[in-house]
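# Close look at the chain arrangement
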Amino acid sequence: GQQVMQIPQYQHVQEGEDFTTYCNSSTTLSNIQWYKQRPGGHPVFLIQLVKSGEVKKQKRLTFQFGEAKKNSSLHITATQTTDVGTYFCAGRNGNTPLVFGKGTRLSVIA
Amino acid sequence: NAGVTQTPKFQVLKTGQSMTLQCAQDMNHNSMYWYRQDPGMGLRLIYYSASEGTTDKGEVPNGYNVSRLNKREFSLRLESAAPSQTSVYFCASSERPNYGYTFGSGTRLTVV
């Protein structure tokens, strides 16, 4: 079955440093989504990427979808303590349900 | 707007007991999902309902059953709870299968 791998599993950064998490799929994806889960909370939808090579920005967050539609990345510029949480990528092929990666837990040291 | 509401928020069961986790959404979404989240395992799909009247197995359906009661409600039943079912359970919904998901706040279940 479809698998979505995400690295790194954990990342500790100083406040103000940049952060990147990477997502790779074993198969070509129709689209990829990113979610954020704060400690003790539930996943919250951030964005969906659909097109090959697509790049989208949300303030300090930059999302990319690879040309082959098998990988994606989330980059946060100048992290803040409010960025703390676990970031999940989730992909699908066609109209099948999302398959989630295991997430990257981000800690920000003030 | 409430979004996706899950009940209960916490539950402790003894091995062999049964229970039903309730989920309701008020966004008129067509698709609903049940995921479980375990440390280091991410979110794994148990069952889903692409539209009212349909249900399908996900990645880890064993030990669970579901009912799509109507468009708003999608329940998850554990017939005979086992310690391996200790987890946080999330219900989610989406307008259509290829749209973003809205998650409920989760049910933390412990089976002793």
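Analysis parameters
- Residues numbered from 1 in each chain as written.
- Chains lettered and ligands numbered in written order.
- Predicted model: local features only at pLDDT ≥ 70, side-chain atom pairs only at ≥ 80, totals over all residues.
- Heavy atoms only, no water.
- Helix = DSSP H or I, 4+ residues; strand = E, 2+ residues; numbered from the N terminus.
- Buried < 20%, exposed > 50% of the residue type's maximum accessible area, 1.4 Å probe, protein only.
- Contact = heavy atoms within 4.5 Å.
- Buried area = accessible area lost by both parts, 1.4 Å probe.
- Salt bridge = Lys/Arg side-chain N within 4 Å of Asp/Glu carboxyl O.
- Polar contact = N/O pair within 3.5 Å; in protein donor to acceptor, adjacent residues only side chain to side chain.
- Pairing = 2+ DSSP bridges.
- Axes fitted to C-alpha atoms, helices over the stretch in contact; angles between N-to-C directions.
- Disulfide = S-S within 2.5 Å.

### Regarding the environment of B:Val111
Residue and element names in this part refer to chain B.
- Position of Val 111 relative to the elements: it lies in strand 11 (residues 107-111).
- On the basis of relative accessibility, which here comes to 6%, the residue Val 111 falls in the buried class.
- Expressed as a C-alpha distance, the spacing of Val 111 and Gln 22, which sit 89 residues apart in the sequence, is 18 Å.
- Residues contacting Val 111, with those up to four places away along its chain left out, are Leu 13, Lys 14, Thr 15, Ala 81, Ala 82, Pro 83, Gln 85 and Thr 86.

### Remarks on the interface of chain B and chain A
- The partner chain A presents 18 residues to the 18 residues of chain B that form the contact.
- Here chain B meets chain A over a buried area of about 1,400 Å², counting both sides, of which 58% is carbon and sulfur.
- At the boundary of chain B and chain A, one finds 0 salt bridges.
- Counting across the chain B and chain A interface gives 6 residue pairs in polar contact (both at pLDDT 80 or more).
- For the side of chain B that touches chain A, the elements supplying multiple residues, two or more each, are strand 4 (31-38) and strand 5 (42-49) of chain B.

### Quick look at the sheet that holds strand 7 (residues 64-68) of chain B
Residue and element names in this part refer to chain B.
- Taken in spatial order, the 4 strands line up as 1-3-8-7 in an open sheet, and their pairing is antiparallel. Each of the sheet's edge strands pairs with one partner strand only, and the pair in question is strand 1 (4-7) and strand 7. Neighbouring strand axes in the sheet, compared pairwise and without regard to direction, differ in orientation by 15° on average.
- Pairing between strand 1 and strand 3 (residues 19-25): 4 bridges, direction antiparallel. When the bridges of strand 3 are listed, Gln 6 appears paired with Cys 23.

### Focus: the state of the cysteines
- The final tally for this structure, using the stated rule, is 2 disulfides over all chains.
- Covalent S-S linkage joins A:Cys23 and A:Cys89, the inter-sulfur distance amounting to 2.0 Å. Negative torsions about the S-S bond denote left-handed disulfides, and the value of about 75° found for A:Cys23 with A:Cys89 makes this one right-handed. Remark: A:Cys89 occurs in strand 9 (residues 85-92) and A:Cys23 occurs in strand 3 (residues 19-25); sequence separation between them is 66 residues. No difference in accessibility class separates A:Cys23 from A:Cys89, as the two residues are buried.
- Residue B:Cys23 pairs covalently with B:Cys91 via a disulfide, S to S 1.9 Å. Disulfide B:Cys23-B:Cys91: torsion about the S-S bond near -70°, hence left-handed. One end of the pair, B:Cys23, is in strand 3; the other, B:Cys91, is in strand 9 (residues 87-94), with 68 residues separating them in the sequence. Per residue, the accessibility class of B:Cys23 equals that of B:Cys91, and both read buried.

### Quick word on the environment of A:Asp18
Residues and elements named next belong to chain A.
- As for its placement among the helices and strands, Asp 18 is situated in the loop between strand 2 (10-14) and strand 3.
- For Asp 18, a relative accessible area of 42% puts it in the partly exposed group.
- It is 9.6 Å that separates the C-alpha atoms of Asp 18 and Arg 60, two residues lying 42 residues apart in sequence.
- Residues in contact with Asp 18, not counting those within four places in the same chain, are Val 13, His 75, Ile 76, Thr 77, Ala 78 and Thr 79.
- One polar contact links Asp 18 to His 75, side chain to side chain, over a distance of 3.5 Å.
- Within polar-contact distance, the side chain of Asp 18 engages the backbone nitrogen of Ala 78 at 2.8 Å.

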